[in-house]
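What follows is the residue order along each chain.
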There are 2 protein chains.
Amino acid sequence: MSKVVLPSQPETTILAETFRLLGDSTRLRILFFCLEAPRSVGDIAASLDLSQSLVSHHLRLLRGARLVRGNRQAKQIFYELADKHVSDMLVDMAHHVCEESGDD
Amino acid sequence: MSKVVLPSQPETTILAETFRLLGDSTRLRILFFCLEAPRSVGDIAASLDLSQSLVSHHLRLLRGARLVRGNRQAKQIFYELADKHVSDMLVDMAHHVCEESGDD
DNA sequence: TAGACATATGAACAAGTATTGATATGTTTG
DNA sequence: CAAACATATCAATACTTGTTCATATGTCTA
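Residues numbered from 1 in each chain as written. Chains lettered and ligands numbered in written order. Predicted model: local features only at pLDDT ≥ 70, side-chain atom pairs only at ≥ 80, totals over all residues. Heavy atoms only, no water.

S.K.: Report on the overall build of chain A, specifying residues and quantitative values.
M.R.: Looking only at helices and strands, chain A has five helices and three strands in total. Secondary structure elements of chain A, listed N to C terminal, follow the sequence α-α-β-α-α-β-β-α. Based on the C-alpha atoms only, the size of chain A along its principal axes is roughly 55 × 30 × 20 Å. Counting over 104 residues, chain A shows a buried share of 43%. (Helix = DSSP H or I, 4+ residues; strand = E, 2+ residues; numbered from the N terminus. Buried < 20%, exposed > 50% of the residue type's maximum accessible area, 1.4 Å probe, protein only.)

Rendered as structure tokens:
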């Protein structure tokens, strides 16, 4: 039941770009870190032991794909996941990986 | 509620590798094509206008990550998604992309 | 305004990877 | 066994991309 619809070409491209962005350990770590609470760039860099520059570069990509969103608070900018879609998906995928069950 | 758990380092690696594999349009097209029904390598190549070699290379990667599974049927090998986890996730993500709703 | 602090950007390099073309392995049929 | 068909592998190339270092932009305080 519930016929599956093939994504159109532009949809496939967007989907692939989203997955590609998620397909990097550094970015994933940043995302999961910001999943718990909004984090400043400096906090991300320090906590994850990454250079400030690298974090900023990755945040730019994540921002561009609307995966995260930043709010300026005086000098610092706090980043959080863009919406519930993104966070839910991340949590779901993490569960899938943890389970690693073959149900066939 | 429902506290979110940060994935451990090996889990993050596996997760990133999975996402990275999904982050390529060609592989996504192959996956969605095999989502509808088990497909032979030749069928995939012809239908998606890809070289047989390229399809085989990609299938090897997808096989390695247990995203697809192949069954030999005489000369041909029919590939299908490895399990319901994978197909559900693909369908879910496709929906997310199609919706593109900001719910905040 | 100057200086300190926080983040962003630009250029350059190294490493990874998608794609191609040629060839090898494996399977069936004559 | 040989020829034909289907898939897999190997080597080489072009391209993408993660990371670093240096520098620029933006923000607050003395």
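Now, onward.
S.K.: Which residues make up unusual backbone geometry, and what are the values?
M.R.: Residues and elements named next belong to chain B. Here the phi dihedral of aspartate 49 falls at roughly 55°; this positive angle occurs in a residue that is not glycine. Looking at aspartate 49, the relative accessible area reads 70%, which means it is exposed. Although it is not a glycine, arginine 66 adopts a positive phi angle of roughly 55°. Inspection of the secondary structure puts arginine 66 in the loop between helix H4 (52-64) and strand E2 (68-73).

S.K.: Give a detailed account of the packing of helix H5 (residues 84-99) of chain A against helix H1 (residues 9-22) of chain B, specifying residues and quantitative values.
M.R.: Packing of H5 of chain A against H1 of chain B brings their axes to within 10 Å, and their N-to-C directions diverge by 110°. Considering their axes alone, H5 of chain A and H1 of chain B lie roughly perpendicular with respect to each other. Here H5 of chain A and H1 of chain B pass one another in a crossing that is right-handed. Two secondary-structure elements touch here, H5 of chain A through Met93, Ala94, Val97 and Cys98 of chain A and H1 of chain B through Glu11, Ile14, Leu15, Thr18 and Phe19 of chain B. When its residues are assigned to classes, the contact of H5 of chain A with H1 of chain B shows seven nonpolar, one polar and one charged. (Axes fitted to C-alpha atoms, helices over the stretch in contact; angles between N-to-C directions. Parallel < 35°, antiparallel > 145°, perpendicular 65-115°, else oblique. Left-handed = near helix turned anticlockwise from the far one by under 90°. Contact = heavy atoms within 4.5 Å. Nonpolar A, V, L, I, M, F, W, Y, C, P; charged D, E, K, R; others polar.)

S.K.: A description of the interface of chain B and chain A should follow, citing residues and the corresponding values.
M.R.: Each side of the interface is counted separately: chain B has 41 residues, and chain A has 40 residues. Carbon and sulfur atoms make up 71% of the surface buried where chain B meets chain A, a total of about 3,600 Å² over both sides. Together, Phe19, His85 and Met93 of chain B form the three largest contributors to the area buried by chain B at its contact with chain A, with a combined 18%. On inspection of chain B and its partner chain A, the count reaches two residue pairs in polar contact (both at pLDDT 80 or more). Put simply, the parts of the chain that give the side of chain B that touches chain A at least two residues each are H1, helix H2 (25-36) and helix H5 (84-99) of chain B. Looking at which element gives the most residues to the side of chain B that touches chain A, the answer is H5 of chain B, with eleven residues. Here the side of chain B that touches chain A is built from residues that sort into 20 nonpolar, seven polar and 14 charged. (Buried area = accessible area lost by both parts, 1.4 Å probe. Polar contact = N/O pair within 3.5 Å; in protein donor to acceptor, adjacent residues only side chain to side chain.)

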